[in-house]
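Residues per chain are reported as follows:
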Amino acid sequence: MFYEVIELRRHGQKLRPTEWPAPEFGKITMAIWRPGRTSLTRTARVAALYQPAGLMERIALILIDPKITHLPLDGEVWAGTQLHTTDKGIEEIEQVWLVRPRKKDAQPLPRFDVQRWMAMNRKYREPDESPVGKGWIKPGSRR
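The structure displayed is predicted, hence computed values, not measured ones.

Calculation rules
Residues numbered from 1 in each chain as written. Predicted model: local features only at pLDDT ≥ 70, side-chain atom pairs only at ≥ 80, totals over all residues. Heavy atoms only, no water. Phe/Tyr/Trp six-rings, centres within 6.5 Å; stacked < 30°, edge-to-face > 60°. Helix = DSSP H or I, 4+ residues; strand = E, 2+ residues; numbered from the N terminus. Buried < 20%, exposed > 50% of the residue type's maximum accessible area, 1.4 Å probe, protein only. Lys NZ or Arg CZ within 6 Å of the ring centre and 35° of its normal. Pairing = 2+ DSSP bridges.

A. Representation of the packing of aromatic side chains. Going through the model one piece at a time under the given rule, you end up with three aromatic pairs. Geometrically, the ring pair formed by F2 and F25 is stacked, given 5.6 Å between the ring centres and 20° between the ring planes. A residue pair is termed long-range when its members are at least 10 positions apart, and F2 in strand β1 (residues 2-7) and F25 in strand β4 (residues 24-33) qualify at 23 residues. According to the relative accessible area criterion, F2 is buried, its value standing at 18%. Between the aromatic rings of W78 and W97, the centroid separation amounts to 6.1 Å while the plane-to-plane angle is 20°, which identifies the pairing as stacked. Separated by 19 residues along the polypeptide, W78 in strand β7 (residues 76-86) and W97 in strand β8 (residues 89-101) bring together distant segments of the chain. Classification of W78 by relative accessible area gives buried; the value is 9%. For R102, the ring lying beneath its charged end belongs to F25, and the centroid distance is 3.9 Å.

Structural data, given as structure tokens:
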């Protein structure tokens, strides 16, 4: 399946929506990386975004140990880590992706509507509304 991916962090720092880079387009695959074959010293699940490059494909983005953290409007937010080379060597830094499905030959998706998503998250419960657990009993206890 094909996706548009927007990195929501740069060098571990959270980006404002106005600072988000242009989406990367490609195919996402999941794999297991074993120690010794990569620069990781542990076994890890890895998501890689592959982009077409002529007759071949190239890896554009990598996310180590991805976890879905949010389900905004028309996509998913994946959190994980990525490898970053520094003067001291290779380190893992926090990374977050906004992943949105897209057809291979379709036009780019419309810009993600951050304001609409934030408005959905701000809805408050009415004060007279009963709590979710009212009337529930603990398993194993008598009523």
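B. Spatial organisation of unusual backbone geometry. Non-glycine residue H11 carries a positive phi angle of around 55°. Its place among the elements puts H11 in the loop between β2 (9-10) and β3 (13-14). Residue classification places H11 among the exposed positions, given a relative accessible area of 55%. We note that D65 has phi near 50°; this positive angle belongs to a residue other than glycine. If you trace the backbone, D65 turns up in strand β6 (residues 56-70).

C. Region of the structure containing the pairing of β4. Bridge count for β1 against β4 is four bridges, and the pairing is antiparallel. Bridge pairing in β4 places Y3 opposite G26. Both β4 and strand β5 (residues 44-53) contribute to a ladder of seven bridges, which runs antiparallel. Pairing of A31 across the sheet is with V46, part of β5.

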